[in-house]
Each structure stands twice: as structure tokens, then as C-alpha cells.
Amino acid sequence: MNLKDLHNDMKIIFLILFLSVSCLLISLPYASACTVWGAAGEKVKIKGTVIAKNRDNAPHLFSSPRLSFPVNGYKFFGLYDIEADGFVIAGINEKHLAVFNASVTSVPKAKREVAKEDTTERLLMTFDSVDAVLLRKDIFEESHPAIYLIADARKISVIEVAPDGKISIKQTNNGALSFTNHYNSPELAYANENTSPNSIARFKRINYFIESTKQPFEIDDFISISEDKAGRSNNSIWITKDTSSKVRTLASLIISIPEAGLPEVYVKIANPGEKEMIIREKLDFSIWSKKLFEKDSDMLD
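Everything numeric here is computed off the predicted structure, so don't read it as measured data. (Residues numbered from 1 in each chain as written. Predicted model: local features only at pLDDT ≥ 70, side-chain atom pairs only at ≥ 80, totals over all residues. Heavy atoms only, no water.)

Participant: Help me out: how do you make sense of helix α6 (residues 219-226) in this one?
Facilitator: What sets the pattern is the α-helix's 3.6 residues per turn: residues three or four places apart point alike. Among the residues of α6, those classed as buried are Ile219, Phe222, Ile223, Ile225 and Ser226. The buried side chains of α6 occupy one side of the element, clustering within an arc of 160° when seen end-on. (Buried < 20%, exposed > 50% of the residue type's maximum accessible area, 1.4 Å probe, protein only. Helix = DSSP H or I, 4+ residues; strand = E, 2+ residues; numbered from the N terminus. Arc of directions from axis to C-beta.)

In C-alpha cells, the structure reads:
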């Protein structure tokens, strides 16, 4: 073999190694990450529920808080993924029904169908209670693989949707529920083909906060939990840009839903390169229209 042939062979070997490593990196289940949790009954200080979501994703997938006034449906406040599909990733409507969602990265990418419908938006526009949602299990059977947290002032529910349309439902009016990016129900464990250590670590961490807190939760407690940065590497509840992970926390949405009175909403937007936005108000749609306009104007300064 002459030097030219050896050189060509080395280039081919390098190319094969490069493609192999690239495919491995692409297949790693860290494309997105979210931590979602909620509490009801004796687990909260108010007579109602408190729920929260930290949205983690690639830095370019910005989040945007918006009000929606559909012609045929309930108006709602939503947190939107404005760079990917423009879908609602969390929100609460005028009937005080809240819907949060998370992707299931434990399902191989080839089996994670692209969402054909914004299920979260549909639920917010259509339903006024958790019980009303659970009467329509067919909606979730038609959904792409995902996990949903549904909440009103009386109960919270987690709905897991597998790639084959099978669903698992948990609900409580006196306790806490949480999830990250893999299925926790035993009946859907078969669908966890690529569960990431990060998802497991965050699930254990959020449950540690829930179980180790003895007093009933207030919205401020959930805000403090959402800002946790003490976990190793990217296993904190709030993932910072300083970690080696390709994802970081882009937003938090925390809602306190009382049986009487208006819900209290806390939203923190941390889009890279933009001024951090924090809004904390009772959910009055006329006031929020003004608040969001003011915040958008401030961000343009």
C-alpha cells in the first residue's frame, strides 16, 4: 500500500468515526427537558391547588407569554413555543382550568410523532374542569407521545400518552403529582426505551422537595423550588447555561388556583440574549393585556 492509498483509507476511517459519533449525539435523549409538578388538598395552604412547570429546551427555542381570545372557545393565558411549532406548552383558561405538557424523550425520536394538533390549546379552549377533560380520553388516545398535567381548583391529574395511543391517568384532590420526561406508570414502562439519567435525576429531585417539605405549599414555595440550581450538572430544577447540556431552562410558569377568587400566576421568561421577564399577578384578562404589552415594550428598549 502506498502513502496515497493509506491517506485515503485514513480519511474514510475518520469519516466513518465522525458520522458514528454524530449519530450517537443526535440520538441522545436530551433534545428537550421539563419538570412539572403540582399539589392539592392538604398539601397546599390555600383551599385549592398549586402547579408549576420549568420549561427546558435548546436556547434558540424561545418562550412567549400570550393571551388568546378565540372566537369559538374559552379565552386563556398561554406560554408558547414560538420558534418550533408555535404550540401552547402551558396555560390556564378563564374557567380556571390549567394544562401543562412535556415531551417524552424516553421514546425514540423515530417513534415520537410530530404533533398534528395543539392538544393543549384544544383543552384550554374547550373544557372547564379536570373531570370534563377526563370524560374525553379519546383526545389523548389520538395525541402524539406526551405527558399532561391538568388542574382546576379541586384536583390535579397527570395523563401519560404512549406512542401506540395507550394512556395512563393519575389524579388526586389531596396530594402531589410530578413528572419529567419519561413515563412513571408501570403499565407504560415498556415505552421507556431511552430514559435519560437527567430525567430520572430531576424526577428524584423534584420529589425530594415535595416529600421533604412538611408544611403545606404556597406559590412562593414552588417559585423557590423552580429556581433550584444546586443539583449536579444539568440535574437541577433550573438548568443554567453554564452546564455541558445543550438545553437550559427558558421559562417557569407557576399557578395558584383557589376555589374562590382569581388564580395567581407567576411567569418567568429567560430567553437568551433578552432582558429577563417576570410577571406575577392575579389572572384578570384586562390587566394582563396591559401588563404583557408593557413587558413587550420594555424588552424592546
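Participant: Please explain the packing of aromatic side chains as it appears in this structure.
Facilitator: The description of an aromatic ring pair uses the distance of the two centres, along with the angle that the planes make with each other. All told, the structure shown has four aromatic pairs when counted by the stated rule. Through successive ring pairs, a cluster of aromatic residues spans Trp37, Phe217 and Phe222. The ring of Tyr80 carries the charged tip of Arg66 above its face, separated from the ring centre by 5.4 Å. Above the face of the Trp238 ring, Lys268 is positioned so that its terminal group lies 4.4 Å from the ring centre. (Phe/Tyr/Trp six-rings, centres within 6.5 Å; stacked < 30°, edge-to-face > 60°. Lys NZ or Arg CZ within 6 Å of the ring centre and 35° of its normal.)

Participant: I keep staring at the environment of Ala260 and nothing clicks. Help me out?
Facilitator: Relative to the helices and strands, Ala260 resides in the loop between β11 (248-258) and β12 (264-269). Exposure remark for Ala260: the relative accessible area of 66% places this residue in the exposed category. Sequence separation of Ala260 and Ala153 is 107 residues, and the distance between their C-alpha atoms is 8.5 Å.

Participant: Would you mind going over the nonpolar core with me for this structure?
Facilitator: Side chains of nonpolar character tend, in soluble globular proteins, to be buried together. In this structure, Ile51, Leu253 and Ile255 are the most contacted members of the largest nonpolar core, which totals 38 residues. Element by element, the count of residues in this core is highest for β11, at four residues. Residues in contact with Leu253, not counting those within four places in the same chain, are Ile51, Ala52, Lys53, Phe77, Leu79, Ala90, Gly91, Phe100, Val265, Tyr266 and Val267. The next biggest cluster of nonpolar side chains, apart from the first, holds 19 residues, and it includes Phe76, Tyr80, Val130 and Ile139. (Core = buried A, V, L, I, M, F, W, Y, C linked by side-chain atoms within 4.5 Å. Contact = heavy atoms within 4.5 Å.)

These figures come from the coordinates and say nothing about function on their own.
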